[in-house]
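Coordinate inspection notes
If you want the building blocks of each chain, they are given just below.
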Amino acid sequence: MIKENIRIDYNNLMADIIGYNYGINSSDIDDMANQAKCANQAIQSNRGKGWLGWTELPYNQDEIVENILKTAEDIRKQFKTFVVLGIGGSALGPIAVQQALNHLHYNELCDEKRNGPKFYVEDNIDPERMAALLDIIDVKSTCFNVISKSGKTAETMSQYMIITDALKKAVGDKWAEHIVATTDEHNGNLIKMAKENNFRLFYIPASVGGRFSELCPVGLLPAAVCGIDIRAMLEGARAMDARCKSDVIWQNPALLQAVIQYIVTEYMGININVMMPYADSLRYIADWHCQLLAESIGKNITRKGKAVNVGQTPVKSLGVTDQHSQLQLYNEGPYDKLITLIKVENFRTLCEIPHGCEEYPSVSFLGGKSLNELIEAERQGTAYALSKRGRLNQTIIMPEVNAYTIGQLLYYFQMTIAYLGELYDIDAFNQPGVEESKIASYAVLGNEEEQYKRKSDEMKAAVNQKDDYII
């Protein structure tokens, strides 16, 4: 395993590289030194407090990790399939880490080649999806990890009810042995269910929100079950945290990134944030990043109650696949995007292209090269084409995709968001816009609790829909 720092190449954002009509002046970054210092000091002085519990996860989980590893070993011995029931951060994080660190066709490997049981994450409530899952797994040999801090997440708990019913029919009184609960230690419905039924149990720290939870049992248990080195992930997070202690913008990679995002959004009208990894292993890191950015920074008021309506729109993309679907827009559409490419220096395999097709020079030139060289050439070509047109782009450089560098990457993104929240003076850790939708959904379903009854009355009193507008 390569244990080197990830690096961020900002060249194609800077005015002296891509042109003063398009790029950022280094002096504009320097001018934010005081704001950046205050942002860093606010985060550092409140580590572990409020909703900043995730900042201490790389340091305070030795005993928890031991328990996770023991439980993961037991699960691998007892079960052929492991299913996560969760949504949001409870699902996106485990999906992203599994895709990044295990075989890209993990479930299709024979038992001898897999690091653990087959792995599925049910992060939606499409009825056909649940039926499809039950068609391909044997609940008798499946362990289900139900993840909900409150134990009242409608999507997760409806899945829980379906699965427990299926388990009771299949294995009778032993159904609870198939459940691992990950929830709040003291509050909510799931902790009560877990204790009543003697589920195996892990806790989500009270000060860790869902989208910041991948480095706690929410993400560490699924990773460990599938043979991923969770200690190395936490070690990587510690390495990035050490780099993020400095008040000096140019010495703190996450602080610099936050300042750049603030400048391009507030002063340059760049309101779309594209994440474009050049590795299939990292494609779901882009999905995870979408939630992290959108829920954290998309806010309508500051902490003081001032109306702001801030936040970039995150877009997930994949190199080179989306060069053939989105790149035309990025190169010739509006100047409204900050594009982040992710480069992998050392892939975990080498795939050589054999010589052949000599009668077709436009094809034969590929012979003797490798897919490793080709994907990097295409990344460089994309970066050049964007820069030539004054399109802001930067590159995150991964020495290798492994548990150590993934731990760094996740922590880097989380610190960037924390700093950005400070620069905007917003609460980066709540999601009131999501709560409104949840309450309205429960009202539609007829929940009899008072807040949902009030919402139902509000919805009924709203402007009626017109059939004329449905064709």
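Along each chain, residues carry numbers from 1 onward, in the same order as the chain's sequence is written. Local features in this predicted model are restricted to residues whose pLDDT is 70 or higher, and side-chain atom pairs enter the listing and the counts only when it is 80 or higher, whereas totals over whole chains, interfaces and linings include all residues. Only heavy atoms go into the side-chain values, all of them from the structure, while hydrogens and water stay out.

1. Re the pattern of salt bridges
By definition, a salt bridge exists where a carboxyl oxygen of Asp or Glu is found within 4 Å of a side-chain nitrogen of Lys or Arg. Here the structure, examined in full by the defined rule, presents 24 salt bridges. In this structure, Lys 3 and Glu 235 form a salt bridge, with 2.8 Å as the shortest nitrogen-oxygen distance. Placement of the pair is Lys 3 in the segment before strand E1 (7-9) and Glu 235 in helix H10 (residues 230-243), with a sequence separation of 232 residues. The residue Lys 316 makes a salt bridge to Asp 287 at a minimum N-O spacing of 2.7 Å. On the criterion of sequence distance, the pair formed by Lys 316 in strand E10 (residues 313-316) and Asp 287 in helix H12 (residues 283-297) is long-range, its members being 29 residues apart. Whether a residue is buried, partly exposed or exposed follows from its accessible area with a 1.4 Å probe, protein chains only, as a fraction of its type maximum: under 20%, in between, or over 50%, in that order. Owing to a relative accessible area of 14%, Asp 287 belongs among the buried residues under this scheme. Comment: elements are numbered from the N terminus, with helices defined as DSSP H or I runs of at least four residues and strands as E runs of at least two.

2. Re helix H7 (residues 154-171)
By this rule, a helix spans an expected 1.5 Å times one less than how many residues it contains. The end-to-end C-alpha distance of H7, which contains 18 residues, comes to 25 Å, matching closely the 26 Å that a straight helix rising 1.5 Å per residue would cover. Taken residue by residue, H7 has Thr 156, Met 157, Gln 159, Tyr 160, Ile 163, Thr 164 and Leu 167 as its buried positions. Mapping the buried residues of H7 onto a view down its axis gives an arc of 150 degrees, with all of them on the same face. Away from the buried face of H7 by more than 90 degrees, exposed residues Met 161 and Lys 169 are located. Looking at the packing, one finds that the buried side of H7 touches strand E2 (81-85), strand E3 (118-122), helix H6 (127-136), strand E4 (142-147), strand E5 (179-183) and helix H8 (189-197). Two residues or fewer past H7, Gly 172 is found with a positive phi of approximately 65 degrees. Arc, as used here, means the arc of the directions from the helix axis to the C-beta atoms. Any two residues whose heavy atoms approach within 4.5 Å at even a single point are treated as in contact.

3. A closer look at the nonpolar core
In this text, buried Ala, Val, Leu, Ile, Met, Phe, Trp, Tyr and Cys residues form a nonpolar core when linked through side-chain atoms within 4.5 Å. In this structure, Trp 54, Leu 282 and Ile 406 are the most contacted members of the largest nonpolar core, which totals 100 residues. Tallying contributions element by element places helix H16 (residues 403-424) first for this core, with 14 residues. Leu 282 has contacts with Ala 100, Pro 277, Ile 342, Val 344, Met 398, Val 401 and Ile 406, leaving out every residue within four places of it along the chain. If you look at the next biggest cluster of nonpolar residues, it comprises 20 residues, including Phe 144, Trp 175, Ile 179 and Ala 181.

4. Examining the layout of surface pockets
To find leftover empty space, a probe the size of one water molecule is rolled over the atoms. Cavities and pockets are found on a 1 Å grid laid over the protein atoms alone: a cavity is a set of points where a 1.4 Å probe fits but cannot escape, a pocket is an open set with protein on both sides within 12 Å along at least five of seven lines, and a lining residue has an atom within 4 Å of such a point. Grid points are joined across faces, edges and corners, and a volume is the space filled by probe spheres set on the points. Put simply, the largest pocket is a space of about 1,100 Å³. Together, 42 residues line the largest pocket, and Thr 153, Gln 431, Val 434, Glu 435 and Lys 438 are the ones closest to its centre. Looking at the lining of the largest pocket, the elements with two or more residues in it are helix H5 (89-101), H7, H12, helix H17 (432-444) and helix H18 (450-461). It is H17 that contributes the most residues to the lining of the largest pocket, eight residues altogether. Among the residues making up the lining of the largest pocket, the classes are represented as 17 nonpolar, 16 polar and nine charged. Following the grouping adopted for this structure description, the nonpolar residues are Ala, Val, Leu, Ile, Met, Phe, Trp, Tyr, Cys and Pro, the charged ones are Asp, Glu, Lys and Arg, and the polar ones are all others, Gly among them.

5. Things to note about helix H15 (residues 371-388)
With 18 residues, H15 should cover 26 Å at 1.5 Å per step; its first-to-last C-alpha distance of 25 Å lies within 8% of that length. Looking only at H15, the buried set comprises Asn 372, Ile 375, Glu 376, Arg 379, Thr 382, Ala 383, Ala 385, Leu 386 and Ser 387. Where H15 is buried, its residues touch helix H1 (15-18), helix H13 (327-332), strand E11 (337-346) and strand E12 (393-400). Where H15 ends, the next residue or the one after it, Gly 390, has phi of about 75 degrees, a positive value.

6. Comments concerning empty space enclosed by the protein
With the rule as written, the count across this model stands at two cavities of 30 Å³ or more. Space inside the largest cavity adds up to approximately 90 Å³. Along the wall of the largest cavity there are 13 residues; nearest its centre are Gln 257, Gln 261, Met 275, His 289 and Phe 413. Contributions of two or more residues to the lining of the largest cavity are made by helix H11 (253-266), strand E7 (272-277), H12, E12 and H16. The dominant element in the lining of the largest cavity, judged by the number of residues it contributes, is H16, at four residues. Tallied by class, residues from the lining of the largest cavity come to six nonpolar, seven polar and no charged.

7. Overview of the sheet that holds E5
Two strands pair under a simple rule: DSSP has to find at least two bridges between them. Taking strand neighbours across the sheet as the criterion, the five strands line up as E3-E2-E4-E5-E6 in an open arrangement whose pairing is parallel. Both edges of this open sheet fall to E3 and strand E6 (200-203), since each of them pairs with a single strand only. Across the sheet, the axes of successive neighbouring strands diverge by a mean angle of 15 degrees, strand direction being ignored. Relative to E5, E4 runs parallel, the two sharing four bridges. Bridge pairing in E5 links Ile 147 to Thr 182. The angle between two axes is taken between their N-to-C directions and runs from 0 to 180 degrees, where each axis is a line fitted to C-alpha atoms and a helix contributes only its stretch in contact. On the sheet, helix H4 (residues 62-78) packs against E2, E4, E5 and E6 and is oriented at approximately 145 degrees with respect to E6. Against the sheet, H5 engages E2, E3 and E4, with an angle of about 150 degrees to E3.

8. Some words on the side chain of Thr 302
Relative to the helices and strands, Thr 302 is located in the loop between strand E8 (299-301) and strand E9 (307-310). Among the residues examined, Thr 302 registers a relative accessible area of 10% and is labelled buried. Contacts of Thr 302, omitting those with residues within four sequence positions, involve Val 308, Tyr 424, Asp 425 and Ile 426.

9. As for the state of the cysteines
Any two cysteine sulfur atoms lying within 2.5 Å of each other are counted as a disulfide. The tally for this structure, following the rule as stated, stands at zero disulfides. Cys 226 provides the cysteine sulfur closest to Cys 216, a residue in no disulfide bond, and the two sulfurs are 17 Å apart. The class of Cys 216 is buried, set by a relative accessible area of 0%. Residue Cys 357 stays outside any disulfide, its sulfur separated by 15 Å from that of Cys 351, the closest cysteine. With relative accessibility at 41%, the residue Cys 357 sits in the partly exposed group.

10. Quick word on the packing of H5 against helix H9 (residues 217-225)
Following both chains from N to C, one finds H5 and H9 inclined at 40 degrees, their axes separated by 9 Å at the closest point. Both H5 and H9 take part in a crossing whose hand is right-handed. Taken together, the residues of H9 that come into contact with H5 (itself represented by Gly 89, Ser 90, Pro 94 and Val 97) are Val 218, Gly 219, Pro 222 and Ala 223. Looking at the contact of H5 with H9 residue by residue, the class counts come to five nonpolar, three polar and no charged. Crossings are assigned a handedness: left-handed for a near helix turned anticlockwise from the far helix by less than a right angle, right-handed for a clockwise turn.

11. Concerning the environment of Lys 455
You can see Lys 455 is positioned in helix H18. In the structure, Lys 455 is positioned 122 residues away from Gly 333 in sequence and 41 Å away in space, judged by C-alpha atoms. Ignoring sequence-local partners within four residues, the contact set of Lys 455 consists of Glu 436, Ile 439, Ala 440 and Ala 443.

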